[in-house]
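Remarks on the overall topology
In case you want the letters, here they are:
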Amino acid sequence: MSQKKHKKRHSQSTINAKRQANQAKLADEKDRMQKRMDPTARNLLLGDLVFLAICQLLYSNGIISETLSAISSIIGLILLVIALWFQFGNKRGGNSGGWSI
């Protein structure tokens, strides 16, 4: 008896579907990386939040004066602006529609 060889049939539509799924996955990963928050900005914002919370607690308990509280609020505002510049500022020399200094 002769043995029949069975060919594996791969339809072109299946191959195209797999290729398209892989390309969509790569595009999603690239899009997610672009939307990700800058780590420097994230750390600045977190540090600013903790700093302002501690200053508010100290002021509420009467440990620091109103003047010192106002100065710490101004410092917090400056840190906020710096964090925003890191997040939305000029990226690597290109004009991304962000702020330019």
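Summarised in this report is the structure supplied together with it.

Reading guide: rules and limits
Residues numbered from 1 in each chain as written. Predicted model: local features only at pLDDT ≥ 70, side-chain atom pairs only at ≥ 80, totals over all residues. Heavy atoms only, no water. Helix = DSSP H or I, 4+ residues; strand = E, 2+ residues; numbered from the N terminus. Buried < 20%, exposed > 50% of the residue type's maximum accessible area, 1.4 Å probe, protein only. Contact = heavy atoms within 4.5 Å. Expected span 1.5 Å × (residues − 1). Patch = residues over 30% accessible without salt bridge, like charges linked within 9 Å, V, L, I, M, F, W, Y side chains within 5 Å. Areas by Shrake-Rupley, 256 points an atom, 1.4 Å probe, with all protein chains shown as cover. Salt bridge = Lys/Arg side-chain N within 4 Å of Asp/Glu carboxyl O. Axes fitted to C-alpha atoms, helices over the stretch in contact; angles between N-to-C directions. Parallel < 35°, antiparallel > 145°, perpendicular 65-115°, else oblique. Arc of directions from axis to C-beta.

So, on to the overall build of the protein chain. For the protein chain, the count of helices and strands is 3 helices and 0 strands. Taken across its 101 residues, the protein chain has 11% of its residues classed as buried. Within the protein chain, residue pairs in contact and separated by at least 24 positions form 49% of the contacts whose partners lie at least 6 positions apart.

To continue, consider the side chain of Gln87. Structurally, Gln87 can be placed in helix H3 (residues 66-88). When its relative accessible area of 16% is taken as the criterion, Gln87 is described as buried. Non-local contacts of Gln87, meaning those with residues more than four positions away in its chain, are made with Arg36, Met37, Asp38 and Ala41.

Okay, H3 next. Between its first and last C-alpha atoms H3 spans 33 Å; for 23 residues at 1.5 Å apiece the expected length is 33 Å, and the two agree. Three or more residues of H3 are buried, namely Ser69, Ser72, Gly76, Ala83 and Gln87.

What follows covers a nonpolar patch on the surface. A surface patch of nonpolar side chains, amounting to about 430 Å² of accessible area, comprises Ile74, Ile78, Ile82, Trp85 and Phe86. Relative to the helices and strands, Ile78 is located in helix H3.

Below, the discussion takes up the environment of Arg42. Along the polypeptide, Arg42 turns up in helix H2 (residues 39-60). Separated by 42 residues in the primary sequence, Arg42 and Leu84 place their C-alpha atoms 9.4 Å from one another.

Another aspect to go through is the environment of Leu68. Looking at where Leu68 falls in the secondary structure, it is placed in helix H3. Between the C-alpha atoms of Leu68 and Cys55, which are 13 residues apart in sequence, the distance is 8.8 Å.

Attention shifts here to the packing of H2 against H3. At a closest axis distance of 9 Å, the pairing of H2 and H3 adopts a crossing angle of 170°. Judged on the interaxial angle alone, H3 and H2 are roughly antiparallel. Residues Thr40, Ala41, Leu44, Leu45, Asp48, Phe51, Leu52, Cys55 and Tyr59 of H2 touch H3, and the partners they reach there are Glu66, Ser69, Ser72, Ser73, Ile75, Gly76, Leu79, Leu80, Ile82, Ala83, Phe86 and Gln87.

This part takes up H2. Counted at 1.5 Å a residue, the expected span for H2 with its 22 residues is 32 Å, and the 31 Å between its end C-alpha atoms agrees. Those residues of H2 not exposed but buried are Ala41, Asp48 and Cys55. Each buried residue of H2 sits inside an arc of 60° when the element is viewed along its axis, so together they form one side. Opposite the buried face of H2, at more than 90 degrees from it, the exposed residues are Asn43, Leu46, Leu49, Leu57 and Ser60.

Read these as spatial facts, not as claims about activity.
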